[in-house]
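# Inside the fold
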Amino acid sequence: MPFAPVNDQGAQLFFKDTGAPPGSPTYPTLVLVHGTVFHSDIFALMFPFVAANHFRLVMRDYPKSTPYSATELAVIQSGDFTSRSAFIAARGVEIAAFLEWFIKEHDIPPLSVVAGADGTGDIVTGGVSVSGWSYGNAIILSFLAHADKLSGQTRDFLESYLRTYIIYDAPCYAFGIPYHPELYSPLRDSTLTPKQTSEQFALWVSSYYAYSPRILSHLDSFNNMKEIITEMAKIRDPITDPPLHQTPTLLRMSAEEIASCADTEGGPRSHVPLLITLNREVYSANTHDALVAPKAWLRMRTVAVWCDMSICDCVLAAAHLTEMLKMWPSTGRKVEVRRMEGTNHFAHWESPESTVQYFASIV
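Presented here is an overview of the structure given in this document.

Conventions adopted
Residues numbered from 1 in each chain as written. Predicted model: local features only at pLDDT ≥ 70, side-chain atom pairs only at ≥ 80, totals over all residues. Heavy atoms only, no water. Disulfide = S-S within 2.5 Å. Buried < 20%, exposed > 50% of the residue type's maximum accessible area, 1.4 Å probe, protein only. Core = buried A, V, L, I, M, F, W, Y, C linked by side-chain atoms within 4.5 Å. Contact = heavy atoms within 4.5 Å. Axes fitted to C-alpha atoms, helices over the stretch in contact; angles between N-to-C directions. Helix = DSSP H or I, 4+ residues; strand = E, 2+ residues; numbered from the N terminus. Parallel < 35°, antiparallel > 145°, perpendicular 65-115°, else oblique. Left-handed = near helix turned anticlockwise from the far one by under 90°. Nonpolar A, V, L, I, M, F, W, Y, C, P; charged D, E, K, R; others polar.

Following the criterion strictly, the structure yields 0 disulfides and no others. Here Cys172 stays free of any disulfide, with the sulfur of Cys314 as its closest cysteine sulfur at 7.7 Å. Cys307 provides the cysteine sulfur closest to Cys261, a residue in no disulfide bond, and the two sulfurs are 17 Å apart. By relative accessible area, Cys261 is classed as buried at 0%.

Have a look at this one:
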């Protein structure tokens, strides 16, 4: 079974791997970290298209990994700021351990950058890119933020491989951006029972939303975030009477498909509390140390992809990031913000081939 050791206490991460693409000795590798509730099989429809796009896809997975201990669960559910901050930092260090182990175990081609002939631009081959989908970005940001907790040997080793960080439809909380009460989320709706929250979340997160042309085309055209929030608050509900392909994704998935990719027990127990009750300052500090004042791997590209029919939390996060970049210090990471058109939060399930092609153009 594909398990990677990630600490001295014997914890292991389960993962899935499409393998090296045939005939591509200097292929790049993309390590993708899933979000809340939905684990690596939510990307399963992408698998058949990866080799043809000449990269290797590796997905870290929770359900079969070493479960959290009773002590760790207590920290997740009711820990103080210090213990929860340490918990999130440890998840980032685990990613570093996973990457180092996987690269060595599978003899991954190192990053190579060669100047193209006649000024045609650099030719980049090999290396490892990392991506988080949704909440998974909180884990990748923690990995980057806590590079100083790694040994110098590990930092230098990863420097020879790290290529691109793809921020894939991240929500506000992954960056530590405060909630805005004007924008609806079933996770913040105190009138719902836990069962109703679960049901409403599935519909909310996998629906399609139609934002105004100004939001879609000009995230940077607003004078301030208040203007953006006022505009977005008009869109509480999904599009009315949608065509079949724009009905909520989860309503078009069979019970077997949902069961194969959703951790309905572990998610509410260990993931959801990290979204709702964790102090936002933990995530905002990681965002600062990962992107604004990076400590390592400065040549790694960063591309933020936002899906333009996704939930308001993700579109607003892209707007916040766009606004933050206006005040970015020259020493911060260079971040390119890209719009993925016509897609909801589940682009990889809805349009797996085009999503693979999109990633291949970035990775």
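After presenting the structure, the write-up continues.
Okay, the nonpolar core next. Counting residues in hydrophobic clusters, the biggest one holds 112 residues, and the most contacted among them are Phe98 and Leu99. Leave out the neighbours within four places in its chain, and Phe98 touches Ala4, Val6, Leu13, Phe15, Val31 and Val58.

What follows covers the packing of helix α3 (residues 81-106) against helix α5 (residues 152-159). Running from N to C, α3 and α5 cross one another at 60°; their axes reach a closest spacing of 11 Å. Looking at the two axes, α3 sits oblique to α5. Two packed elements cross with a definite hand, and for α3 against α5 that hand is left-handed. Between α3, through Ala96, Leu99, Glu100, Ile103 and Lys104, and α5, the contact on the second element is made entirely by Thr154, Phe157 and Leu158. Tallied by class, the residues present in the contact of α3 with α5 amount to 5 nonpolar, 1 polar and 2 charged.

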